[in-house]
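Fold and contact review
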Amino acid sequence: MDEPSADPREDRSLSAGSAGNGPELREARPWRTALLKFLWVGLISFGAGRWIYLHSAFVRNGWIREEVFLHDLAFTQVLPGAQFVNLIVLCGMRVRSVWLGVAGLALAVFPGALLMVLAMVYLSGGDARLAGAVHGILVGAVGVLLATFTRLFRAGVRGSPDVAFVVATFLLSIAGVPLLVTIPVVAAVAMRWFGARTSAA
Amino acid sequence: MSLIDLALLNVRLGLLSFGGGLGVLAEMQREMVNVYGVMEARDFATAFALGQATPGPGILFLIPIGFRAAGPLGAVVAVVSFLLPPLLLQLAVARQWARMSRNRWIRALNRALLPVSIGLVGASLCVIAAPLVGDGRAVAGVAVGAAAAIALRASPAVVVLGAGLLGFLGLL
C-alpha cells in the first residue's frame, strides 16, 4: 500500500468526498447503481469481515481505489462505532457524497432489519420447536463469538504485556466496572507501557 | 424504560464501542437485565444470536432489545442512538485522519486499544454464553460451532442457522 504524501493537504486522494479520481469520474458513477450495490451488500453480508462485501462492490470495479478503501478500513477500526456501518457511509462519501453514504446505509440495513422484525414476530408464537430453533441459534452464535475471540486473540496478542492488558480488561468488565472507567484506565496504562517500549527501542 | 434513558445508554455505549459493538455487550446486558430489568439474561443473549443470523450490520440485535425496552419506537431509538454519534465523529475526523494517523499519541492509542478490545470481547463472550452453562449438549454445540468457524472457515450464518436447524429438530 502506498504511503500518503508528507503534506496531507496535497494528498487529495484521501480527502473526504474523493476517491482519488477527478470530478468527471465521480459524476460518471450513477447514484442509482451505487444504491443498488449497497442494497445488495445488505442482503448478502453475514458474519465477521463484512467489509469484504463492500470491497467486492466498490473496489473490484474501480469505483474506489484499493489504498483509499484500506485507509478507511483502518480508520474505522481505531475510532468507536459499528465498523461496518461507518465503512458503508465512508464508501458512499468516496463514491459521491455523504448523502449517498447515508442513503446507502439505510438500504444496507433494510433487509436485515426486516428479517429481524419478521423473526421476532414468528418466534414469539410460543411453539416448542421454534423455541428449540431459537436455542440452537443461541448455541451457534456463542460458537461464532468464541471463534471471533480466538481469532482476535491469536492475531492481536503479541506478548505477555498484551495478555496482561487483555486479562485486566476482561476482569474489570466481568466485575461490573463501567466501561467509562475500564477503557480509559487500561488504555492509559497500556499507552504508557507501549509508548515507553517504543521510546526505549 | 423511558426513551430518553434508552437513548442516553446507547449513545454512551456507542461512543465506547472501540472495535465495534461486541465490546460493549457485557455492559449493555448488565444495564438491560440488572439495572433496568427490561429482559432476562437469556432473552438478551437470544437477541444477540438473532443479530448474528440476519444479514447486514450485526448491531441489528438492538432492534429486539429496543423493542422490549420501549416498543417499536424504542427499537428505532436504540439503533439510531447507538450508531449516530460515532458515525458523526468519524465523518468529522475523516478529513483530518491522514494527518492524525501519523501522530505518535494516536498510534500509541491505537496500539493500546487492541488488547483492551480483545478483553472486552472476552467479557462479552462470557456474558452471552452464561445462559448455556450447565447444558452439556449446548456446550458441545458451542465447541463444534467454534471449531467449524475456525478450522473449516465456515460462514457464521451457516454455523448459526445450522445450529438453529439442529435445535428445531430437538437435537440441541
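Just above sits the structure.
Okay, so let's go over this structure.

Reading the values: the criteria
Residues numbered from 1 in each chain as written. Chains lettered and ligands numbered in written order. Predicted model: local features only at pLDDT ≥ 70, side-chain atom pairs only at ≥ 80, totals over all residues. Heavy atoms only, no water. Helix = DSSP H or I, 4+ residues; strand = E, 2+ residues; numbered from the N terminus. Contact = heavy atoms within 4.5 Å. Areas by Shrake-Rupley, 256 points an atom, 1.4 Å probe, with all protein chains shown as cover. Expected span 1.5 Å × (residues − 1). Buried < 20%, exposed > 50% of the residue type's maximum accessible area, 1.4 Å probe, protein only. Arc of directions from axis to C-beta. Core = buried A, V, L, I, M, F, W, Y, C linked by side-chain atoms within 4.5 Å. Salt bridge = Lys/Arg side-chain N within 4 Å of Asp/Glu carboxyl O. Polar contact = N/O pair within 3.5 Å; in protein donor to acceptor, adjacent residues only side chain to side chain. Nonpolar A, V, L, I, M, F, W, Y, C, P; charged D, E, K, R; others polar.

All right, on to the overall build of chain B then. For chain B, the helix and strand inventory stands at eight helices and zero strands. Along chain B, helices (α) and strands (β) appear in the sequence α-α-α-α-α-α-α-α when read from the amino end. The long-range fraction of contacts in chain B, counting pairs at least 24 apart against all pairs at least 6 apart in sequence, stands at 59%. Put simply, chain B shows about 7,000 Å² of open surface, and 67% of that area lies on carbon and sulfur atoms.

Bringing helix α2 (residues 31-44) of chain A into the picture now. Residues and elements named next belong to chain A. In a regular helix each residue adds 1.5 Å, so 14 residues correspond to 20 Å; α2 covers 20 Å between its end C-alpha atoms and thus fits that length. Where α2 is concerned, the buried positions are Ala34, Leu35, Phe38, Val41 and Gly42. Buried residues of α2 fall within an arc of 115° about the axis and therefore sit on the same side. In α2, the exposed positions that point more than 90 degrees away from the buried face belong to Arg32, Leu36 and Trp40. Structurally, α2 contributes buried residues whose contacts are with α3 (51-58), α5 (83-95) and α6 (98-123).

Turning our attention to the nonpolar core. One finds Leu54 and Phe58 of chain A together with Met28, Met32, Phe44, Phe61 and Ile128 of chain B to be the most contacted residues of the largest nonpolar core, which totals 99 residues. Among the elements that line this core, the one with the most residues is helix α4 (residues 62-94) of chain B, at eleven residues. Those residues in contact with Phe61 of chain B that lie beyond four places of it in its chain are Met116 of chain A together with Leu25, Met28, Phe44, Ala47, Phe48 and Gly51 of chain B. Ranked by size, the runner-up nonpolar core spans eight residues in total, among them Val78 and Leu79 of chain A together with Val93 and Trp97 of chain B.

Listed as interface residues are 86 residues of chain B and, on the opposing side, 86 residues of chain A. Linking chain B with chain A are one salt bridge. Two residues, Arg111 of chain B and Asp162 of chain A, come together in a salt bridge whose shortest N-O distance is 2.9 Å. Where chain B meets chain A, there are nine residue pairs in polar contact (both at pLDDT 80 or more). Contributing elements (two or more residues each) for the side of chain B that touches chain A: α1 (3-15), α2 (25-35), α3 (41-53), α4, α5 (97-100), α6 (104-129), α7 (136-151) and α8 (156-168) of chain B. Take the side of chain B that touches chain A: its biggest share by element is 21 residues, from α6 of chain B. When the residues that make up the side of chain B that touches chain A are grouped by side-chain class, the tally is 57 nonpolar, 20 polar and nine charged.

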